[in-house]
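# Inside the fold
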Amino acid sequence: MLDNFSTLFINHHWLILFSVFFVAFLLTFLVFRSLNHVIFLGMSEDDREASKNIELNGKRQKRNIFSAIQYDKPYFSLLLIRQFGIFAKLIMLFLVAIFFTFFVISFLSALFDIDYVFQPYNVQYYLLTSNNYYGVSAIILAALFSCFSAALFYHKFIKSFFGDLDIEFNEDMIKKREKSSLRNDRLVDIRNYQFKKHEEYDPTIFFEDARQRGALFLGIDENDQPIFFQKKNGMKLMFKSLVKWGVVKGYFLQLH
């Protein structure tokens, strides 16, 4: 039995190469897919797509990742989780880049017989000789099998796990937002909507002041102060005034 074990795992290194690279590729694929979920944790699919692009001068451009993760204005601890996902992904990319560069240099040193990283003989034996069943082919097969296995595992377990987690964080985010008194979780027909009642007033008492200002009297605000519209500034100023004061208390241009 020991002889068979030695023959299987020492003399035939392609199997070790296949096993090691299969596990390495599998974990790498799964970690990257998981971190993609962490970066946009709690964000709906529609918001996730909208957060990645922005309209600028009529052209669609990519947002930077830090702007994208704040698109739905998450609470602080959720934002920290998303930022952790970004930095973890950057670290993973850095490690993968180092390993890939190291592997390529080693492979080239064996292919062109350059004594640079490893002794060319060792690399040639592990990767390029028929005695070891061409280990580089074992690595390629390991990448293909791990990619297929990672896709199955992701769609079976990880995707559904993060889907439930997104719902949980999204509900938590909604609860922590400041609630408006106008929100009651019911559909409202604007035709039946009742605005806040106001005290009746005589608008004519403001007409003389408006005439002296060269303006129009629009109504009164929530503090019972008159709102005037300067004629010379046109519709642009009128729009800004309405936005500034919000819902005007009283009827606009009400006459008695």
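Before going into details, it helps to say that this report is about the structure given with it. If you're wondering where the values come from, they're calculated on a predicted model, not measured in any experiment. (Residues numbered from 1 in each chain as written. Predicted model: local features only at pLDDT ≥ 70, side-chain atom pairs only at ≥ 80, totals over all residues. Heavy atoms only, no water.)

### Thoughts on the overall build of the protein chain
When you go through the protein chain residue by residue, the secondary structure sums to nine helices and four strands. Helices (α) and strands (β) of the protein chain occur, in sequence order from the N terminus, as α-α-α-β-β-α-α-α-α-α-β-β-α. Residues counted as buried form 27% of the 256 residues belonging to the protein chain. Partitioning the intrachain contacts of the protein chain with sequence separation of at least 6 by distance along the chain shows that 55% fall at a separation of at least 24. Accessible surface, the protein chain as shown: approximately 18900 Å² in total, 64% of it carbon and sulfur. (Helix = DSSP H or I, 4+ residues; strand = E, 2+ residues; numbered from the N terminus. Buried < 20%, exposed > 50% of the residue type's maximum accessible area, 1.4 Å probe, protein only. Contact = heavy atoms within 4.5 Å. Areas by Shrake-Rupley, 256 points an atom, 1.4 Å probe, with all protein chains shown as cover.)

### Quick word on helix α5 (residues 76-111)
The end-to-end C-alpha distance of α5, which contains 36 residues, comes to 52 Å, matching closely the 52 Å that a straight helix rising 1.5 Å per residue would cover. Here α5 has its buried residues at Leu78, Leu79, Arg82, Gly85, Ile86, Ala88, Met92, Ser106, Ser109 and Ala110. (Expected span 1.5 Å × (residues − 1).)

### Quick notes on the packing of aromatic side chains
By convention here, two paired aromatic rings are described through the distance between centres and the angle between planes. With the rule as written, the count across this model stands at eleven aromatic pairs. Ring geometry for phenylalanine 21 against phenylalanine 25: centres 6.0 Å apart, planes inclined by 40 degrees, an arrangement best described as tilted. One end of the pair, phenylalanine 21, and the other, phenylalanine 25, are both in helix α2 (residues 13-39), four residues apart, so they sit about a helical turn from each other. The exposure class assigned to phenylalanine 21 is buried, which follows from its relative accessible area of 11%. Within the aromatic cluster, the residues linked to one another by ring pairs are Phe21, Phe25, Phe29 and Phe99. One residue, arginine 33, lies across the ring of tyrosine 154, its end atom 3.9 Å from the ring centre. (Phe/Tyr/Trp six-rings, centres within 6.5 Å; stacked < 30°, edge-to-face > 60°. Lys NZ or Arg CZ within 6 Å of the ring centre and 35° of its normal.)

### Let's talk about the side chain of serine 51
With respect to the helices, strands and loops of the structure, serine 51 is situated in helix α3 (residues 45-51). Judged by relative accessible area, serine 51 falls into the buried class, the value being 0%.

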